[in-house]
Amino acid sequence: MGVNNHVVRWIDSKAKFGDPSSMDKDYESQVASYSSRFGPGLVIYWFDYVEDLIPNKMMNDRDVLVLRELPTDVHLLAGTSKKWVSD
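Position numbers for residues count from 1 along each chain, tracking the sequence in the order it is written. Local features are withheld for residues below a pLDDT of 70 in this predicted model, meaning they are given only at 70 or higher, and side-chain atom pairs are given and counted only at 80 or more; totals for whole chains, interfaces and linings count all residues. Working from all heavy atoms in the structure, the side-chain values ignore hydrogens and water.

1. Looking at the packing of aromatic side chains
- Two rings belonging to Phe, Tyr or Trp (six-membered ring only in the last case) form a pair when the distance between their centres is within 6.5 Å. Interplanar angles under 30 degrees mark stacking, angles over 60 mark edge-to-face geometry, and anything in between is tilted. This model, assessed by the stated rule, comprises 2 aromatic pairs.
- Their ring planes at 65 degrees and their centres at 5.3 Å tell us that W10 and Y34 sit as a pair that is edge-to-face. In this pair, W10 is assigned in the loop between strand 2 (6-7) and strand 3 (11-14) and Y34 in helix 1 (residues 20-38), connecting sequence segments 24 residues apart.
- When accessible area is computed with a 1.4 Å probe and restricted to protein chains, residues below 20% of their type maximum are described as buried, those above 50% as exposed, and intermediate ones as partly exposed. Assessed through its relative accessible area of 9%, W10 is described here as buried.
- Judged by its relative accessible area of 26%, Y34 is partly exposed.
- Judged by centre distance (6.3 Å) and plane angle (50 degrees), the ring pair of Y45 and Y49 falls under tilted. Per the convention used, a helix needs a DSSP run of H or I reaching at least four residues, while a strand needs a run of E reaching at least two, with both numbered from the N terminus.

2. Regarding the side chain of S22
- Mapped onto the elements of the fold, S22 is located in helix 1.
- You can call S22 buried: its relative accessible area is 15%.

3. A short note on a nonpolar patch on the surface
- Together, M1, I11, V74 and L76 make up a nonpolar patch on the protein surface, roughly 330 Å² of accessible area in all.
- Structurally, the position occupied by I11 is in strand 3. Patch building starts from residues that exceed 30% relative accessible area and form no salt bridge, then joins like charges within 9 Å and nonpolar side chains (Val, Leu, Ile, Met, Phe, Trp, Tyr) within 5 Å. Accessible surface area values rest on a Shrake-Rupley calculation with a 1.4 Å probe, where residue burial reflects the displayed protein chains alone. Whenever a carboxyl oxygen of Asp or Glu lies within 4 Å of a side-chain nitrogen of Lys or Arg, that contact is scored as a salt bridge.

Just distances and angles here, no functional claims.
Structural data, given as structure tokens:
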């Protein structure tokens, strides 16, 4: 699917605040693996995150889109199916 003009093949939902240290830990323990296995994706930090103070690994990865809430600009990409993997 497409989100805010980014290709998204996976979503990781984090019910916490994303400070630079925890974002680096999340990136190393989960997100980098998702990105290498499935390609570009989306991480949502429901309790906000630090965006510009300290660069971190997740914010520097161009294949990872980081948001604070569910995106409103979502669309299917050409050539994709509406069928879920579990169907």
